[in-house]
Each structure stands twice: as structure tokens, then as C-alpha cells.
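# Descriptive analysis of the structure
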Amino acid sequence: MNIPKEGHGNLEQEIRQVSGATADPERSGEYRKDAQAMPRREDAVLDRFFTLSIDMLCIAGYDGYFKRLNPAWERVLGYSVDELTSLPFLEFVHPDDRATTIAEMQCLTTGHSTISFENRYRAKDGTYRWMLWDATPFPEQQLIYAAARDITERKHAEETLHRFFTSSADMLSIVGYDGYRQVVNPAWQRILGFSAAELKAVPLFEFIHPDDRDLAITQFRKLLAEERMISFEARYRTKEGSYRWMQWNATPFPEQRLIYASGRDITERKQAEQKIQKLKEEADAANRAKSEFLARMSHEIRTPLNVVIGTGDLLERTALDNEQRKYVRVFQNAANNLLVVINDILDLAKVESGHLTLKESDFDLAELLDSVAEIMAVRARQKGVGLIYDIAPQIPAKVRGDPERLRQVLINLIGNAIKFTEKGQVAMRVEADSGSSELGALRFSVADTGIGIPAEKLDTIFEAFTQADDSITRAYGGTGLGLAIAKRLVELMNGRIWAESQLGAGATFFFTVNLRVSAAQPMSAEMQATQFAVAPGSLSALQILVVDDSEDNCFLIREYLKDFGCHLEFAANGQIAAEKACSKPYDLVLMDLRMPVMDGYKATERIRGWEREQGRPPTPIIALTASALESELQKAIDAGCTASLRKPIRLLTLLEAVQKHAIRRCSPSASPLENVAVHADGSLRALIPAYLNKQREAVRKILSALDRLDYGAVGELSHKMSGTGGSYGFQQITDIATAICEAAKERNPGEIRSQVAKLSRYLEQVVI
């Protein structure tokens, strides 16, 4: 390797410095002795580095020719050294890069120091490879020492990234910590219309909608403070003045003090969301209007129907001759049929609008089937059709589910079977669902010996207003809603329903439901008899306030209760009722919900508020409503009603509700309540009134929970009460609450009501 002599002195000094050599006089003779050998060794070392280097090393002359090249050139470009040195090196440079290369050479030949630049060199296979150059001139020798690194792969990667950057549909940018954009891709101009220069000229927040700016600034500060990726949405102004929604993801790089961000145009999605939200609001409004219409129609139809059916019941109890009794039964049947149709239409509307919900409670399956058979037996006997039922031995006695909806499905199916059966029998059976391993999975079947159903009609009979044949409507009557409602109720209970039949050979309807097995024991017959037996005079001296704006309804309730010794007072609207209830104690209030001046909801809330202020125990209030909506009943309970009855109200139903909920405040044989004196701790005297009011409120909550058969809530409320009574000096509260808690564990509603009545009397009598 020919290295100019001028460079040897400096190189020798550098070698001595690295190796630690010095000009020690004692060793000067040794140094002079080896001085002649040093250049040869240095040449060998440098030549070895020159040959082994991965980079492409070269020495080029000012004349534009390579003087020396290392083997890396041939490895990278494929040319031999002779081929590369035989032509000016510009011959190998890409035509588009020659001007830049010549300019760089001029800088070198005019004495400039080391420079770095990139250009492309042609390989022997015709492709071009990118080189990154570092070069240093030596004017004295008219030589340039240079090193080139093959950066083709890096350039290709950069070009790929650049293609993604420029062709991306998202808005990509690099932003400085100062809030100014440094790099933006073409998507910005395509979406917003601003040029890159316009976007870089002002802070990024200038383009954000004023209403979104504070959020964007907060997110920007959060990004800088927490140094982690953030996501947010904001509206950006376009050049034409409109705004478009952008979804941003931004990541900070603190070392560079840069933020890399991508924004996606989500304007169409936002517009779709707004449209969906608007449609949802319109649907909700329509649903509310439908519900209100349903409630009003239910009220307007059921209210007079309540009077018709009730009057029929009353009339049937009077002395009638055979012809009169026949007429009464005719309009009773007509009224009952009308009620069935109305109930079917309202139930179907509730299911389809999502207003019908299931209520869970424990019930005895055999008792439910007994009650269904008892209800349907009269209709079966009238047609001379037998009605039997059977329960498979392995079926659990006590289950948990919605007994009323299950009863409704069975009544619909049995009623349908009786209607289409002229002779023979209808058989109801319950067995385990073979398609499920769950213990509470049951399969019900109702089989008849009637006219049967054509095979092609089996798939359509569960549709609303559909019967197997138009002539059936004329021959047997009906709306075709019973099976449609049964299907929807079964599906609501996570089951399925289907039918099997042969024309002229009867039909069998099957349905499955998933009930849970209950550990609760059935109520004893003795307890039921005690709870529901109502004899003339047994309700004597009860003070009952009847609140209803319908004179016919008031007349009906008066006639229902006239033989049972109740003292009735009447109020035509909620305002009058609230005034009466706040001036005189009543054992029970029967509260209509829809009335002029003040409705039953507000009246109940006013009465409950007054009772709390006065520290009085709550008066039982039974809501009377003709509404078909569960939300109406729940609204009444939320307002403070103890329970609810839906019109039309039959005599036995009303009597049972009165006996169940009325609190006897006085009776002819009962002596006036005597005060119970309690000596309280002086330090607690100031807290006791509020404590007692809280216990009176707990009594109302216990009664409300009991009406829902929520024994867990009864137990929890009574347990809390039992733990505090003795602490305040009221041991009797603790004792009674403990008894209520035990009765809740046993699910004994009669004992709970007895103890609650005892507790209410004590809270009314107690004097500090």
C-alpha cells in the first residue's frame, strides 16, 4: 500500500501514543534500531484492515479515477477492481445523482474538510445500490480518501415507509413539544384542504373546534407529563370553514422532544352515531307514546269493565228467578270474554314493546297445576270434556320462577284445547325435559282429543291473529292471540313451544321452561286457610279510605264490603285524600292512580312525607289501577304504595288484600292504645326521635319487601333493627325484630305480619 511519506510522521506519533511508547533516552538506541522495521509492520497492519473492511474503501484522484479499492467493492457491486479503475468513477454513478456527486467533488478538490453525502452506484447486474459516503481530501497528494457504506436496504425501508406515509388515508404528523407541526403527510391537505406550509405555520390548536380545544390542550399536557400514548376525539376546521371529526392517537418521544401522531377522519361514523342516537330518541319517544296510549286505553277499557263484571258478581248474589239468573250469566260470560280479549291484546303489546318482565318467586308446582285445573274445570264441564293432569315423580315440588306467567301459558293452552274439543278429554302433564340435564328444566304438554290441526298449519298457528282455518273463527270464536302470547311468554322464560297433531285426531302442545329448584317449603294448608279465610263481620271496624274519581267504582267497592263491617270514607281525588289521611288515622287506603286535580302517585308521596315528618307508622296504601303496564305498578310502589291491585277487581281478591294489608288501629272490643314509657340514657336523648322515625320507616320497607316475597330483604332489615334496639334502650324493638328475622328465615309471611303489627303498635305507643 503506497501511503505518502508525509503521513508517516503523524501516524508514527499516533501509534506511539496508543501503545504508550516514549522518547526515553535510555531506550533511544533501541528505538533507532527498530525504526527501520516500523513502517513495514504498519503497512502490513493497515493493509490488513483495508482488505477486511466491510465498508467500501477507496483512494481516488482529483482526475476522477479510482487509484485503489478494497475487495468490498467487488463483493457489493460485482465489478472487478480492474473494471472499476479503468473508467472514471462517474460512469458508475446513477445519472440522476451525477450532478450532486460532481458538486461534492468540487467541494473536496477546493480544500473543504470531510464531507458526507449519498448517491447510487450501478452494480454489474444493472441494478443500483445506495452508498453513504465519508470523504477527506489531501490536496498535497491530489488524492481523496473515502469510505462508502451500502445503505440500499435502509433506503428501501425508508422508501417503503415514505410510501405508507404519503399514501396513508390517515393524517400522519410529527409535532414538536412546542405545539408546532414539523412534518405532515398529504392526507392533511386531502381532508382539510390546508397545505403543509399553512399547517406548520401556526400551533396545532388553531385548527381545533373551540368547544374541543380545552380537551385537546388537556390531552396534550397529559401526554407530555405522563409520556405515554393518548387517544382522544376532536373536530378540526377545514379550509372551507366546516369541521370534521378526527380520532387521534399520539405517542411522545421525549429524547427527541417529538410527538408522533395519527388522526383518522371519523366524520361519517359520528354522523351515523348521531343519526342512530336521533332514531333511538325518536323510537324511545314513540315507545313512550305507545306505552302511554296502552296505559290510557287499558284504563279507559278496564275501568267500565271493572264495573260491569263487579256488578254482575253483586247481582248474582241477590235473589233472582231462573230467567234473570240466565241473563246475568249471559252478560257475565260476555264481559269475561271481553276481558280475555283485552288482556290478550294488552299482553301481546307489552311483550312486543319489551314492557313485560318476569318476576321470580318460590312456588309449589302441584298447587299451581291445581289452581289451573280448578279455573279451567268449569269451562271443561260446560262442554262435557274431561280435564286431568299428571306430574312425573321426579319433578321437584317447590320451584322458583314466575308462577303467574307459567299459569297464563297453561290457561291459554288448556283453554285452546277445550275450545276445539267436543268430546273426550284434555290432559296436562309435567315431566323432566330430556333435552337438558338441569334439575329444573321441565317439559309441559297439553293433549286434547279435538279436531286437530293440518300439518301445513303447524308452523303458523303461533303467529298473532292466526288460526288454522278462517272457518274456525266463525265456528269457535277467538282472536287467535292465545298461542301467540303463549309462545312469547315461553321464549321470555328461555324455553320453546311446538305442536304435534293429525287432522281429526287431536293435538298435543309442548313447551319447555327452565325453573330453579327451591329449598323453601310450601305454605301449609292451615296457614293458607288462616291467611285467606274471610267471614262476614271479620273486617268490622276497619277504617278504610277509598280514593277514586269514578262513582261507579266507589259504588262497587261499597257494595263489595258492605257485609263485612268496614267503615268507608270516599275521596274524589288525591288532594282530598291527602288532606283526609293527614287529619285522621285510617287502617287502609284504597288509592286509584289516575285522577284529576292530583293523581294517586302524588297523593301517596304527600301522605308518606307527612307520616315521616310526624313520626307516624305508615298507613297501608293499596294502589288500584287499570293499567296493563308493570312500570305503572312499580311507579306506585316507588311512590310509597304498600301493594297494588289491577282492575277489574273481583270480590275475593279485594277481600284478601284488605285482610292481608289493613292495620287495625281500633275495634269495638279493643281498648285505646296506652303509652309505653321507656327510660332512655340521657346522652342518647337527642338522637332517639330520629332513631324511632328510622325504625318506623324500616317497618314500611319490611312490609313492602314482604309484598314482593323478598324474604332476604325482610331478614336484612330486621337484623339491622335487632342490633340497634337494645343499644338505644329499646329492648322490645330488638326482641320483635329478632322474631321477624327468624320468621323471614322460615319464609313465614303470617308470622312476619303479626310481628310487624306488634312492632308498629309499640312504635306508636312508646314515650321517652
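Up top you'll find the structure we're talking about.
Summary of the structure given here. (Residues numbered from 1 in each chain as written. Predicted model: local features only at pLDDT ≥ 70, side-chain atom pairs only at ≥ 80, totals over all residues. Heavy atoms only, no water.)

## With respect to a nonpolar patch on the surface
For clarity, the cut-off: Residues with no salt bridge and a relative accessible area higher than 30% make up the patches, which join like charges within 9 Å and nonpolar side chains (Val, Leu, Ile, Met, Phe, Trp, Tyr) within 5 Å. The Shrake-Rupley method, run with a 1.4 Å probe sphere, supplies the accessible areas, and residue values consider only the shown protein chains as cover. Whenever Lys or Arg places a side-chain nitrogen within 4 Å of a carboxyl oxygen from Asp or Glu, that contact is recorded as a salt bridge. Counting from the N terminus, the helices are the DSSP runs of H or I reaching at least four residues and the strands are the DSSP runs of E reaching at least two.
Residues F293, M297 and I301 make up a contiguous nonpolar surface patch of about 260 Å² in total accessible area. With respect to the element layout, M297 can be found in helix α11 (residues 267-316).

## Thoughts on helix α14 (residues 403-419)
Rule in force here: By definition here, a helix of n residues has an expected span of 1.5 Å times n minus one. N or O atoms closer than or at 3.5 Å make up a polar contact, with two conditions inside protein: a donor-capable atom paired with an acceptor-capable one, and, for residues adjacent in sequence, both atoms drawn from side chains.
For α14, built from 17 residues, the straight-helix expectation of 24 Å at 1.5 Å per residue is met to within 8% by its first-to-last C-alpha distance of 24 Å. One side-chain oxygen of the residue at the start of α14 lies 3.2 Å from the amide nitrogen of E404, identifying that residue as D402.

## Concerning empty space enclosed by the protein
Taking a probe equal in size to a water molecule and rolling it over the atoms shows the remaining empty space. Our working rule: Definitions used throughout: a 1 Å grid over protein atoms alone; a cavity as a set of points that fits a 1.4 Å probe which cannot get out; a pocket as an open set with protein on both sides within 12 Å along at least five of seven lines; a lining residue as one with an atom within 4 Å of a point. Grid points are joined across faces, edges and corners, and a volume is the space filled by probe spheres set on the points.
A full pass over the atoms with the stated rule returns four cavities of 30 Å³ or more. Its volume calculated, the largest cavity comes out at about 200 Å³. As for the largest cavity, its lining consists of 17 residues, and the residues nearest its centre are L204, F220, F232, Y236 and A261. Listing elements by their share of the lining of the largest cavity, those giving two or more residues are β6 (171-176), α10 (210-226), β8 (230-237), β9 (243-253) and β10 (258-265). Its boundaries defined by the atoms lining it, the second largest cavity holds a volume of some 150 Å³. Lining the second largest cavity are 14 residues, with F89, M105, F117, W133 and A146 positioned closest to its centre. Looking at the lining of the second largest cavity, the elements with two or more residues in it are β1 (56-61), α6 (98-109), β3 (115-122), β4 (128-138) and β5 (143-150).

## Brief notes about the sheet that holds β5
Where we set the bar: Pairing between two strands is assigned when DSSP locates at least 2 bridges connecting them. Lines fitted to C-alpha atoms define the axes here, with helix axes fitted over just the stretch in contact, and angles between the N-to-C directions of these axes take values from 0 to 180 degrees.
Spatially, β2-β1-β5-β4-β3 is the arrangement adopted by the five strands of the open sheet, whose pairing is antiparallel. The strands lining the two open edges of the sheet, one partner per strand, are β2 (66-69) and β3. Adjacent strand axes in the sheet meet at a mean angle of 30 degrees when their direction is disregarded. Relative to β5, β1 runs antiparallel, the two sharing six bridges. In the sheet register, I59 faces β5, and the bridge partner there is Y145.

## Some words on the pattern of salt bridges
In plain terms, the rule: Accessibility here uses a 1.4 Å probe with only protein chains present; expressed as a share of the type maximum, an area under 20% marks a residue as buried, one over 50% as exposed, and anything in between as partly exposed.
According to the stated counting rule, one finds 35 salt bridges in the structure shown. For E118, the salt bridge is made with R154, and the minimal N-O distance between the two is 3.1 Å. Separated by 36 residues along the polypeptide, E118 in strand β3 and R154 in helix α7 (residues 152-167) bring together distant segments of the chain. We classify E118 as partly exposed; its relative accessible area is 29%. For D362, the salt bridge identified is with R400, shortest N-O distance 3.1 Å. A residue pair is termed long-range when its members are at least 10 positions apart, and D362 in strand β11 (residues 361-364) and R400 in strand β13 (residues 398-401) qualify at 38 residues. One salt-bridge network, in which partners are shared between bridges, spans E360, D362, R400, R516 and R747.

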